[in-house]
Amino acid sequence: MSVERASSLAAEVASGRRTARRVLEEHLARISARDAELGAFNLVLADEARVRADAVDAAVAAGEPAGPLAGVPVALKDNLCTRGVLTTCSSRMLQHWRPPYDATVVQRLRAAGAVIVGKTNLDEFAMGSSTENSAFGPTRNPHDVSRVPGGSSGGSAAAVAAGFAPLALGSDTGGSIRQPAALCGVVGLKPTYGRVSRYGLVAFASSLDQIGPIAANVTDAAVCFEAIAGHDPLDSTSLDAAVEPVTSGLRRGVDGLRVGLLAELCGDSARVKQAGLQSAGLAGVAPDVIDRLDAAADALEAAGATVGVVSAPSVVLGLSAYYLIAPAEASSNLARYDGVRYGQRVDAADAAEMNTESRTAGFGAEVKRRIMLGTYALSAGYYDAYYGKALRVRTLMLREFAAAYADVDVLLCPTAPTTAFELGAKTADPLLMYLNDVCTIPSNLTGHPAVSVPFGTGDDGLPVGVQLMGPALSEPLLMRTAAVLEDAAPAMAPAPAGVAE
């Protein structure tokens, strides 16, 4: 399915060559035709979207500014608050919750002229890597419906890949924008922590969560980022600094840029082996993914960049540190769902039993697993041994990345260790599932930006994404580097026989 460019759609709507209503109806038709098979949406807001599209058309007819996303259908991950509209986090705990306010990013999308088309499926409370942990059923990969779309923003990535919406928002706590973007063959940007307001994002791990765009191409991701980025006084972690333009510099190229392959995540790369650093690498990145990574490095070199190899040894501890820090913060954040203040309530004989019964019925298995892990890590006698040590690893990682960025401008590594795996293949083994985040977690622990760009296919014909990482506030540099990779990327291989188009 070819996806129309959001930037082109907005230009056509703003000029009057197409109406926002017509654009919307075309996308609603695609959703109607295929979403029953894919399960990308928890809720399609057809009537509300039509009202909004008509308002955009009225503004255009009146000669008013239509905005950079005029009439563009946008899908929202269902952990972003929408006033009066169900926001479930794909959990039974919140299946009937209608927030009394909009998330800041939702307000900014509307101000840019976007049309919100629906709320997308996710792993419950954003805890997962496959979108199989949803209380409302899994999402399937548009390239092969027997495969997962990645997670936790799998519904958003699948919606863009299937042509249901040119743009979607996801949230990224340990790779939940970038990993599904890679598995679905689209672009996913995790901005610098604090660059995009988290006000109205239902929290998973507050020091790690970040909202960002998923798009079919780099330009659209950049346009969406510019629309949602910027200081927000309602978010105490929001950065009070001007947003440097991204779209205007996308075609500046990479001549003279210093690129470093991160040895610990690229151990079997030919360049890493040449540098004698392959022994530092983590096992598990598939050979076909490494082949695509090496081809991406070659493409950047051909475009004028200098490509070398750098090391950050603490990266090998990132997965362990993350799965202590994130569950600990989740344990604290999800304590509010007690059947009294938030969430569904199961009546019982006393308050303690009501709390227990409400949480037992409301939370799924993976959420319970992480709450228990986090509570244990924070408990008396174990805090220093587990949570405190994880925080020290985080500090060490920040120092090592700062040292790396003294030698290179951006880092290059895989986004996900494999292409999309089969539904059910890893659900019985949580550790195996957690390993899907090994390449993306470092950017969440450091708070730095990172982007996943499609770069061809693996041996199975499914998409492979490569990841660019940079220091804080380097989104303009990352996105223009991503644009070079996008231009050099090989065409997607035809789908294997028997795979749904």
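None of these values were measured; they are calculated from a predicted model. Residue positions are given per chain, counted from 1 along the sequence in the order it is written. Restriction of local features to residues with pLDDT of at least 70 applies here, the model being predicted, together with a cutoff of 80 or more for giving and counting side-chain atom pairs; totals for whole chains, interfaces and linings are based on all residues. Note: side-chain values were computed over all heavy atoms of the structure, leaving out hydrogens and water.

Structural notes on the pairing of strand E10 (residues 450–457)
Residue burial is assigned from relative accessible area. The probe radius is 1.4 Å, only protein chains are included, and a residue is buried under 20% of its type maximum, exposed over 50%, and partly exposed in between. Helix and strand labels come from DSSP, where a helix needs a run of H or I of at least four residues and a strand needs a run of E of at least two; each type is numbered from the N terminus. By the criterion of burial, E10 is predominantly enclosed, with 8 of the 8 residues buried. Pairing analysis gives 3 bridges linking strand E5 (residues 187–190) to E10, with the strands arranged antiparallel. Bridge pairing in E10 places Gly 188 opposite Ser 452. Between E10 and strand E11 (residues 463–469), which follow one another and run antiparallel, lie 5 residues, and Gly 461 among them has a positive phi close to 80°. Only when DSSP finds a minimum of two bridges between them are two strands counted as paired.

Description of the nonpolar core
Core analysis: the biggest nonpolar cluster contains 151 residues, and Leu 109 and Phe 125 have the highest contact counts within it. Looking at this core, the element that brings in the most residues is helix H10 (residues 318–333), giving 9 residues. Counting residues in hydrophobic clusters, the runner-up holds 8 residues, among them Ala 420, Phe 421, Met 433 and Leu 462. The criterion is simple. A nonpolar core is a set of buried Ala, Val, Leu, Ile, Met, Phe, Trp, Tyr and Cys residues joined through side-chain atoms within 4.5 Å.

Here's the deal with the packing of helix H4 (residues 104–111) against helix H7 (residues 218–228)
Contact geometry for H4 and H7: axes closest at 8 Å, N-to-C directions at 115°. With respect to their mutual orientation, H4 and H7 come out roughly perpendicular. Of the two elements, H4 crosses H7, and the hand of that crossing is right-handed. In this structure, H4 uses Val 105, Arg 108 and Leu 109 to contact H7, whose residues at the interface are Cys 224, Ala 227 and Ile 228. Lines fitted to C-alpha atoms define the axes here, with helix axes fitted over just the stretch in contact, and angles between the N-to-C directions of these axes take values from 0 to 180 degrees. Angle categories are assigned with fixed cut-offs, so that under 35 degrees is roughly parallel, over 145 is roughly antiparallel, 65 to 115 is roughly perpendicular, and the rest are oblique. Two helices that cross are described as forming a left-handed crossing if the nearer one is turned anticlockwise from the farther one by less than a right angle, and a right-handed crossing if clockwise. Residues count as neighbours in contact if any of their non-hydrogen atoms are within 4.5 Å of one another.

As for the packing of aromatic side chains
Classification of ring pairs rests on two measures: the distance between centres of Phe, Tyr or Trp rings, Trp counted by its six-membered ring, which must be within 6.5 Å, and the angle between planes, read as stacked under 30 degrees, edge-to-face over 60 and tilted in between. Under the defined criterion, the tally for this structure stands at 13 aromatic pairs. Measuring from centroid to centroid gives 6.2 Å for Phe 401 and Tyr 405, while their planes differ by 55°, and the two rings are tilted. In this pair, Phe 401 and Tyr 405 are both assigned in helix H13 (residues 383–407), 4 residues apart and thus about one turn of the helix distant. On the basis of relative accessible area, Tyr 405 is assigned to the buried category, the value being 13%. In textbook terms, an aromatic cluster arises when at least three aromatic residues are bridged by ring pairs, as seen for Phe 125, Tyr 337, Tyr 342 and Phe 363. Lying across the ring of Phe 421, Lys 426 places its NZ or CZ 4.2 Å from the centre. Two conditions define a charge sitting above a ring: the NZ of Lys or the CZ of Arg must be within 6 Å of the ring centre, and it must be within 35 degrees of the ring normal.

Here's the deal with unusual backbone geometry
Residue Ser 152 is reached from Gly 151 by a cis peptide bond, and omega for that bond is 5°. For Ser 152, the location among the structural elements is in the loop between strand E3 (115–120) and helix H5 (154–161). Positioned with a positive phi, Phe 125 is a non-glycine residue whose angle comes to about 55°. Mapping Phe 125 onto the fold places it in the loop between E3 and H5. Classification of Phe 125 by relative accessible area gives buried; the value is 3%. For Leu 473, which is not glycine, the phi torsion reads 65° and is therefore positive. Turning to its location among the elements, Leu 473 is positioned in the loop between E11 and helix H16 (475–488). Its relative accessible area of 38% is what places Leu 473 among the partly exposed residues.

A closer look at the packing of helix H12 (residues 365–378) against H13
Packing of H12 against H13 leaves a shortest axis separation of 7 Å and a crossing angle of 105°. The orientation of H12 relative to H13 falls into the category roughly perpendicular. Contact with H12, carried on its side by Tyr 376, Ala 377 and Leu 378, involves Tyr 383, Tyr 386 and Tyr 387 of H13 and no other residues of that element. In terms of residue class, the contact of H12 with H13 is made up of 6 nonpolar, no polar and no charged. When residues are grouped by polarity, Ala, Val, Leu, Ile, Met, Phe, Trp, Tyr, Cys and Pro land in nonpolar, Asp, Glu, Lys and Arg in charged, and all others, Gly among them, in polar.

Remarks on the pattern of salt bridges
Here, a salt bridge means any side-chain nitrogen of Lys or Arg that lies within 4 Å of a carboxyl oxygen of Asp or Glu. Tallied over the full model, the rule gives 23 salt bridges. Its salt-bridge partner being Arg 50, residue Glu 25 comes within 2.6 Å of it at the nearest N-O pair. Residue Glu 25 is located in helix H2 (residues 20–38), and its partner Arg 50 is located in helix H3 (residues 46–61); the two are separated by 25 residues in the primary sequence. The network of salt bridges with common partners includes Glu 4, Glu 12, Arg 18, Arg 22, Glu 26 and Arg 30.

Some thoughts on H7
Most of H7 is tucked away: 10 of the 11 residues are buried. Of the positions making up H7, those classed as buried are Val 218, Thr 219, Asp 220, Ala 221, Ala 222, Val 223, Cys 224, Phe 225, Ala 227 and Ile 228. Where the residues of H7 are buried, they touch helix H1 (6–15), H4, strand E4 (167–171), E5, strand E6 (211–215) and H16. Here a polar contact is taken to be a pair of N or O atoms separated by no more than 3.5 Å, where protein atoms must pair a possible hydrogen donor with a possible acceptor and residues adjacent in sequence count only if both atoms sit in side chains. Two to three positions downstream of the cap, the backbone nitrogen of Thr 219 sits 3.2 Å from a side-chain oxygen, assigning the N-cap of H7 to Asn 217.

Topic: the sheet that holds E11
Ordered in space as E1-E3-E2-E4-E6-E5-E10-E11-E9-E7-E8, the 11 strands form an open sheet in which the pairing is mixed. Here the strands that pair on one side only, and so sit at the sheet edges, are strand E1 (41–44) and strand E8 (306–310). Sheet twist, expressed as the mean angle between neighbouring strand axes with direction ignored, is 30°. With 2 bridges connecting them, E5 and E6 associate as antiparallel partners. Within E6, the position partnered with Gly 188 by the bridge is Ile 214. Together, strand E7 (258–262), E8, strand E9 (410–414), E10 and E11 form the strand contacts of helix H9 (residues 287–302), whose direction differs from that of E9 by roughly 150°.

Here's the deal with the confidence of the model for the protein chain
Residue-level confidence of the predictor is summarised by pLDDT, bounded by 0 at the bottom and 100 at the top. On average, residues of the protein chain score 95 in pLDDT, and 97% of them reach the 70 mark or higher. Ignoring residues within four places in sequence, the model shows residues 495–501, a span with pLDDT below 50, making 11 contacts including any to other chains.

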